[in-house]
Amino acid sequence: MMKKLLRPLLICLLTLGPVACGLDVVEFDLVGTGGVGAAGLYFPGMANFSAGLGRALSDKDVDPGDIDSMKVLEVSLRMTSQGGLTQDLSFIEDMEFSAEADGLPTARIAFQASIAEGVREVQFQVEDNLELKPYLEAGNMAIKVQATLNPPPPDLVELEVTLKIRVDVDLT
């Protein structure tokens, strides 16, 4: 009889435990646009990443002070321009996204070693378990984008980068 009562109670505790503790998980996408051409690669919004992140958190009713953890789950790059001389992303030999903030070392978020011919959208390999909360707390968080272009495209190629972010929030 006791086993029959304990099992549902245990299932209930395991299911409701995180909710009872006041933890919540919020996932959202941050999208940035940029481009690459003879002058190089640029993503204007990445230098002031904390402003875009602040807007996204505000849209989700999340106070940055309530964040227990912040991690990037996915990074993707998509070629949005069409009809130019450059038809794919194969000119990118390697590319990486890194987090920077006041007083903290640069931390690689995601990378891609090479991109095959014909590919217009790519998922990057994300660094497992990279905690970005310290970068948010330090202030002036920015995302640094580095790439080796071989050769650089002869025309302007418009790009869109999407970072899927997971935030654990303490609701107590």
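Residues numbered from 1 in each chain as written. Predicted model: local features only at pLDDT ≥ 70, side-chain atom pairs only at ≥ 80, totals over all residues. Heavy atoms only, no water.

Student: An account of the overall build of the chain is needed here, citing residue identities and associated values.
Tutor: In terms of helices and strands, the chain carries three helices and nine strands. In the chain, the succession of α and β elements from N to C terminus is α-β-β-α-β-β-β-β-β-α-β-β. A burial count over the chain gives 36% of its 172 residues as buried. (Helix = DSSP H or I, 4+ residues; strand = E, 2+ residues; numbered from the N terminus. Buried < 20%, exposed > 50% of the residue type's maximum accessible area, 1.4 Å probe, protein only.)

Student: So what about the sheet that holds strand E7 (residues 125-126)? Which residues, and what values?
Tutor: Taken together, the four strands give an open sheet; going across it, the order is E7-E5-E4-E8, and neighbouring strands pair in antiparallel fashion. Two strands bound the open sheet, and with one partner strand each, they are E7 and strand E8 (142-149). Alignment of strand E4 (residues 92-100) against E8, held across eight bridges, turns out to be antiparallel. Its bridge partner lying in E8, Phe-97 is registered against Val-145. (Pairing = 2+ DSSP bridges.)

Student: Talk me through the environment of Lys-60; I want residue IDs and the actual numbers.
Tutor: One can find Lys-60 in the loop between helix H2 (49-59) and strand E3 (67-79). Taking C-alpha positions, Lys-60 is 7.7 Å from Val-26, a pair spaced 34 residues apart along the chain. With sequence-adjacent residues up to four places away left out, Lys-60 is seen in contact with Val-26, Glu-27 and Phe-28. (Contact = heavy atoms within 4.5 Å.)

Student: Hey, could you go over the environment of Pro-44 for me, with residue numbers and the actual values?
Tutor: Note that Pro-44 resides in the loop between strand E2 (40-42) and H2. Here Pro-44 falls in the exposed class, since its relative accessible area comes to 58%. The spatial distance from the C-alpha of Pro-44 to the C-alpha of Gly-32 is 8.1 Å, given a sequence separation of twelve residues. Other than its neighbours up to four places away in sequence, Pro-44 contacts Thr-33 and Gly-34.

Student: How would you explain the pattern of salt bridges if you had to name every residue and give the values?
Tutor: Under the counting rule described, the total for this entry stands at seven salt bridges. The shortest N-O distance in the salt bridge between Arg-78 and Glu-160 comes to 3.0 Å. With Arg-78 in strand E3 and Glu-160 in strand E9 (residues 157-170), this pair connects stretches of sequence that are 82 residues apart. Note that Asp-168 is salt-bridged to Arg-166, the shortest N-O span being 3.2 Å. (Salt bridge = Lys/Arg side-chain N within 4 Å of Asp/Glu carboxyl O.)

Student: Hey, could you go over the packing of aromatic side chains for me, with residue numbers and the actual values?
Tutor: Overall, the coordinates contain two aromatic pairs when judged by the stated rule. Ring centres of Phe-43 and Phe-97 lie 6.5 Å apart, and the angle between their planes is 55°; on these two criteria the pair is classed as tilted. Separated by 54 residues along the polypeptide, Phe-43 in the loop between E2 and H2 and Phe-97 in strand E4 bring together distant segments of the chain. The burial state of Phe-43 is the same as that of Phe-97; both residues are buried. Between Phe-97 and Phe-124, the ring centres sit 5.3 Å apart and the planes meet at 75°, which makes this aromatic pair edge-to-face. Of this pair, Phe-97 sits in strand E4 while Phe-124 is found in the loop between strand E6 (121-123) and E7, placing the two residues 27 residues apart along the sequence. Given a relative accessible area of 0%, Phe-97 falls into the buried group. Given a relative accessible area of 6%, Phe-124 falls into the buried group. One aromatic cluster in this structure is built from Phe-43, Phe-97 and Phe-124. (Phe/Tyr/Trp six-rings, centres within 6.5 Å; stacked < 30°, edge-to-face > 60°.)

Interpretation note: all reported values are geometric properties and have no functional meaning in isolation.
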